[in-house]
Amino acid sequence: MEKNTTRLVQLKNASARCVAVVKEPNLHIINKFDSVYSLALAAIDGGKAITQLIEDNISDKVLSYDEIYEGKSEWKLLPAFDHPTNVLECMISGTGLTHKNSAANRQAMHESADQKPTDSMVMYWWGVDGGVSNGAKPGIQPEWFYKGNGSALKGHGDFLEVPAYANDGGEEPEIAGAYIIDREGNPYRIGFTTGNEFSDHVMEKKNYLYLAPSKLRQSAIGPELVITDDFSDLTGNVSVSRKGQILWEAKNIKTGEAAMAHNLPNLEYHQFKYEGHRIPLQAHVHYFGTGQFSFGKGVLLQQDDEMLVEWEGMGRALKNYINVVNEEEKLVPVKAL
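Notes on the structure follow. (Residues numbered from 1 in each chain as written. Predicted model: local features only at pLDDT ≥ 70, side-chain atom pairs only at ≥ 80, totals over all residues. Heavy atoms only, no water.)

**Considerations on a nonpolar patch on the surface**
Residues W144, Y146 and L216 make up a contiguous nonpolar surface patch of roughly 260 Å² in combined accessible area. Counting through the fold element by element, L216 comes out in the loop between α7 (211-214) and β12 (219-227). (Patch = residues over 30% accessible without salt bridge, like charges linked within 9 Å, V, L, I, M, F, W, Y side chains within 5 Å. Areas by Shrake-Rupley, 256 points an atom, 1.4 Å probe, with all protein chains shown as cover. Salt bridge = Lys/Arg side-chain N within 4 Å of Asp/Glu carboxyl O. Helix = DSSP H or I, 4+ residues; strand = E, 2+ residues; numbered from the N terminus.)

Next comes the structure, spelled out in structure tokens:
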């Protein structure tokens, strides 16, 4: 990850929301814009680099990042990117089987007695063999999944819900890309952010055809959005804590193109080749996969467990907590007209 990158946070209090630039240990409010989305759209419309637009509009108002990050301020951290006015205009999606350990975990979940490679491992090796786009020629498509709209997107410090109909909920430490579609239907990448692509691994383990519903869960990004084109090689740490004690951790985990079967242009092509993913003024948050998560080591998360994900060069760590909905699953009544 490049040094000296521009890092942004989104904030809200009881009466307003805003965007700020991270200049440790402070946050510098940006004038005129209340969201990264509006900032990015203005940069596109004005034909100006987003970093220049940020510099042109930095105000004199400074906030303490420590107080906000620790939840001791009237200001609260939002997801690092969202659609500020319409959650239905924000698509949350992801790409799976991009890291070898992910495929190995899937193999362990679903392998048969004859120990033949599962479809998941076969798809991973397809990516190894053909997952790099070359100029205008796309590579092989990766696994793709839908996680929901912007209503399911959470930020730093938020609880991630294990709903009554779920079997489980567990962290997935990832990087996510933040994108906006311009007024003519062209996709733009704004930057990258730390992500916890929270999923239901118990449901997925029952049968790999349950992958789609296992992904329809809340997830979290942030606290910072990093304005950079560098997605080559990232090193990070992930941990799960219970009552202040580390229950499980993995250090020096890897992501980025150097650790993945697919390169970024190929992943982005297969996200935005669909016309329905290029609707003007859409926002997109797209997760790029992981190689480590605690479920692969037999850990089942419980109420109030803390999940921490951090990547070098991506700003402060993302912390979230588990909220298990402790009630019976009930039918949602559908009325006939």
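**Examining the environment of N320**
Counting through the fold element by element, N320 comes out in strand β17 (residues 318-324). Distance from N320 to K254, taken between C-alpha atoms, is 21 Å for residues 66 residues apart in sequence. Among all residues touching N320, those that are not within four sequence positions of it are G155, H156, G157, D158, L160, N196, A220, D305, E306 and M307. One polar contact links the side chain of N320 to the main-chain carbonyl oxygen of G155, over a distance of 2.9 Å. (Contact = heavy atoms within 4.5 Å. Polar contact = N/O pair within 3.5 Å; in protein donor to acceptor, adjacent residues only side chain to side chain.)

**Quick word on the pattern of salt bridges**
Summed over all chains, the structure comprises 17 salt bridges. In this structure, R17 and D82 form a salt bridge, with 3.0 Å as the shortest nitrogen-oxygen distance. Pair noted here: R17 is in strand β2 (residues 17-23) and D82 is in the loop between β5 (76-77) and β6 (90-96), with a separation of 65 residues, a long-range link. The partner of E268 in a salt bridge is R189, with the nearest N and O atoms 2.7 Å apart. Taken together, the residues span a long stretch of sequence, with E268 in helix α8 (residues 264-272) and R189 in strand β11 (residues 187-196) at a distance of 79 residues. Overlapping salt bridges bring together R7, E24, D66, E224 and R316 as one network.

**Considering the pairing of β12**
In terms of burial, β12 is largely enclosed, as nine of its nine residues are buried. Examined bridge by bridge, strand β1 (residues 6-12) and β12 share three bridges and lie antiparallel to one another. Its bridge partner lying in β12, L8 is registered against L225. Relative to β12, strand β8 (residues 153-154) runs parallel, the two sharing two bridges. Within β12, the residue paired with K154 across the bridge is A220. (Buried < 20%, exposed > 50% of the residue type's maximum accessible area, 1.4 Å probe, protein only. Pairing = 2+ DSSP bridges.)

**Looking at the nonpolar core**
I175, F192, F231, F288, W311 and M314 are the most contacted members of the largest nonpolar core, which totals 30 residues. Secondary structure elements with two or more residues in this core: β9 (159-162), β10 (173-181), β12, β13 (234-242), β14 (245-255), α8, β16 (306-311) and β17. Those residues in contact with F231 that lie beyond four places of it in its chain are I175, F192, G256, E257, M260, L264 and F288. If you look at the next biggest cluster of nonpolar residues, it comprises 29 residues, including L8, I30, A43 and A80. (Core = buried A, V, L, I, M, F, W, Y, C linked by side-chain atoms within 4.5 Å.)

**So, helix α1 (residues 36-46)**
Every α-helical turn comprises 3.6 residues, leaving residues that sit three or four positions apart pointing alike. Within the span of α1, buried status applies to V36, Y37, L39, A40, L41 and A43. Just downstream of α1 lies G47, where phi reads positive at about 65°.

**Quick look at the sheet that holds β17**
In a beta sheet, neighbouring strands are held together by backbone hydrogen bonds and run either parallel or antiparallel to one another. The strand order β9-β17-β16-β13-β14 describes an open sheet built from five strands, whose pairing is mixed. Since the sheet does not close on itself, it has two edges, and those belong to β9 and β14, each with one partner. Averaged over all pairs of adjacent strands, the angle between strand axes in this sheet comes to 20°, irrespective of strand direction. Sheet topology note: the β13/β16 ladder contains six bridges and is antiparallel. When the sheet's bridge partners are listed, S239 is paired in β16 with L308. (Axes fitted to C-alpha atoms, helices over the stretch in contact; angles between N-to-C directions.)

**Some remarks on the packing of aromatic side chains**
Geometrically, a pair of aromatic rings is defined through the distance of the ring centres and the angle of the planes. Overall, the coordinates contain six aromatic pairs when judged by the stated rule. An aromatic cluster of at least three residues, connected via ring pairs, comprises F192, F231 and F288. The ring of Y65 is capped by R316, whose NZ or CZ atom sits 3.9 Å from the centre of that ring. (Phe/Tyr/Trp six-rings, centres within 6.5 Å; stacked < 30°, edge-to-face > 60°. Lys NZ or Arg CZ within 6 Å of the ring centre and 35° of its normal.)

**A short note on the layout of surface pockets**
As a volume, the largest pocket reaches approximately 190 Å³. Looking at the largest pocket, it is lined by 17 residues, and the ones nearest its centre are L78, P79, D82, G150 and L153. At the level of secondary structure, the elements contributing two or more residues to the lining of the largest pocket comprise β5 and β8. Along the lines of polarity and charge, the residues of the lining of the largest pocket split into seven nonpolar, five polar and five charged. There is about 150 Å³ of room inside the second largest pocket. Lining of the second largest pocket is provided by K147, G148, N149, S151, A152, E161, P163, Y165, L216, R217 and Q218. It is strand β7 (residues 143-149) that provides the largest number of residues to the lining of the second largest pocket, a total of three residues. Classifying every residue of the lining of the second largest pocket gives four nonpolar, four polar and three charged. (1 Å grid on protein atoms, 1.4 Å probe; cavity = no way out; pocket = protein on both sides within 12 Å on 5 of 7 lines; lining within 4 Å. Points joined across faces, edges and corners; volume = space filled by probe spheres on them. Nonpolar A, V, L, I, M, F, W, Y, C, P; charged D, E, K, R; others polar.)

**Notes on the pairing of strand β15 (residues 283-287)**
Within β15, five of the five residues are buried, which leaves it mostly tucked inside the rest of the structure. Burial along β15 is two-sided: the face carrying A283, V285 and Y287 and the face carrying H284 and H286 are both buried. Here β6 pairs with β15 via five bridges, running parallel. Directly across from M91, in β15, lies its bridge partner H284. Note that β10 and β15 share five bridges and pair antiparallel. In the sheet register, Y179 faces β15, and the bridge partner there is H284.

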